[in-house]
Amino acid sequence: MDPIILVLLGATAAYIINGKQQRQRIALLSEQLRPFQIEKSIETITQGYLRAMGETEEERRRQILELMQDNEQQLVNQFGRFTAAFQKVSEEDARVSRLPIGIPFANQLLASQTFDMRKALQIHSQGFENVIRNDAQRSPRDRAYMMTAEILLMQHTCHWFCKSKSVASARMLARNQTPHEQLVASVSPETRSAYLAMIG
C-alpha cells in the first residue's frame, strides 16, 4: 500500500480516537459539575466585578464589591463540594496530559507526562478560599482582580482536561484576551507555586 495512504489512514484514525477520548472527558466533567451552580456563580461574580471596575467613584466600587461577598462565598462552597466529589474519579480517568496537543492514549502510554485533575481542582479550590478569606489584606480592587485570575486559571485547567493545553490557551486568549502566562502570574503566590509544581 502507498505510504502516503498509510499515513493518511493513521492520521484519520488518530483524529477519530482523540476526538472520542476528548468527548469522554467532557462528559465526565459535565457529569461531575451537573449538581452544582458553579458556572452561574462565576457569571454573577465576574459581571459584578466588571460593573464595580467601571465605577469612577471609589465608594460606589467598594459597595458593589461588598455585595459580591455572598456570591463569592457561595462559589467557594460549591467548588469545594465539587472538588470533594471529583476525588472519587479514578486515577486513570483523572490524568491530564502535559503535552501541548491532544494525542490518542497519551494519558495511558505516557503517564509520567500527566498531572492529576483531582489535585488540580484542590489547588484551585484552595486558591479561591485563600483569596476570598483575604488574610493578605489586599484592597477590594486587588482582591477582585486576583479572584478573576483564579477563576480564569481554573477554567483554563478544565479546558486543558477536556481538550489540550494548546486548545485551552487559545480559548483563553480568544475569549478573555489573556495569555496563560499572564493568568499564572496574576493568581495568588500560593496558587502559582502549587500550580507550577504540578504542571512541571
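Up top is the structure.
Residue indices follow the written sequence of each chain, beginning from 1 at its first position. For this predicted model, a pLDDT threshold of at least 70 governs which residues receive local features, and a threshold of 80 or more governs which side-chain atom pairs are given and counted, while totals over whole chains, interfaces and linings are taken from all residues. With hydrogens and water stripped out, all remaining heavy atoms of the structure feed into the side-chain values.

1. A look at the overall build of the chain
Rules: Going along the chain from the N terminus, every DSSP run of H or I of four or more residues is numbered as a helix, and every run of E of two or more is numbered as a strand. Between buried and exposed lies partly exposed: a residue is buried under 20% and exposed over 50% of the maximum accessible area for its type, with that area taken using a 1.4 Å probe on protein chains only. Reported accessibility uses the Shrake-Rupley method at a 1.4 Å probe radius. Residues are deemed covered only where the shown protein chains occlude them.
For the chain, the count of helices and strands is 10 helices and two strands. Walking the chain from its N terminus toward its C terminus, one meets helices and strands in the order α-α-α-α-β-α-β-α-α-α-α-α. Evaluated residue by residue, the chain yields a buried proportion of 42% over its 200 residues. Of the roughly 11100 Å² of accessible surface on the chain, a fraction of 55% belongs to carbon and sulfur atoms.

2. Digging into the nonpolar core
Applicable threshold: Each nonpolar core is a collection of buried residues, namely Ala, Val, Leu, Ile, Met, Phe, Trp, Tyr and Cys, held together in the definition by side-chain atoms within 4.5 Å. We call two residues in contact whenever any of their non-hydrogen atoms come within 4.5 Å of each other.
Core analysis: the largest hydrophobic core is formed by 47 residues, its most contacted members being Leu75, Phe82, Phe86, Met117, Phe128, Met147 and Phe161. Per element, the largest residue contribution to this core is 12 residues, and it comes from helix α7 (residues 140-162). Every residue in contact with Leu75, bar those within four places of it in the chain, is listed here: Ile38, Ser41, Ile42, Ile45, Phe128, Met147 and Ile151.

3. Observations regarding the side chain of Arg95
Quick reminder of the rule: Any pair of nitrogen or oxygen atoms within 3.5 Å is treated as a polar contact; in protein, a donor-acceptor pairing is required on top of that, and neighbouring residues in sequence qualify only through side-chain atoms on both sides.
In this fold, Arg95 is placed in strand β1 (residues 95-97). Polar side-chain contacts of Arg95 include one of 3.0 Å to the side chain of Glu91.

4. Focus on unusual backbone geometry
Unlike most non-glycine residues, Asn134 shows phi in positive territory, near 60°. The class for Asn134 is buried, based on a relative accessible area of 13%. Within the chain, Gln177 stands out as a residue other than glycine whose phi angle is a positive 50°. Relative accessible area serves as the criterion here: at 58%, Gln177 is assigned to the exposed category.

5. Quick word on the state of the cysteines
We apply this condition: When two cysteine sulfur atoms lie within 2.5 Å, the pair is treated as a disulfide.
This model, assessed by the stated rule, comprises zero disulfides. This cysteine, Cys158, is not joined by any disulfide, and Cys162 carries the nearest cysteine sulfur, 6.8 Å off.

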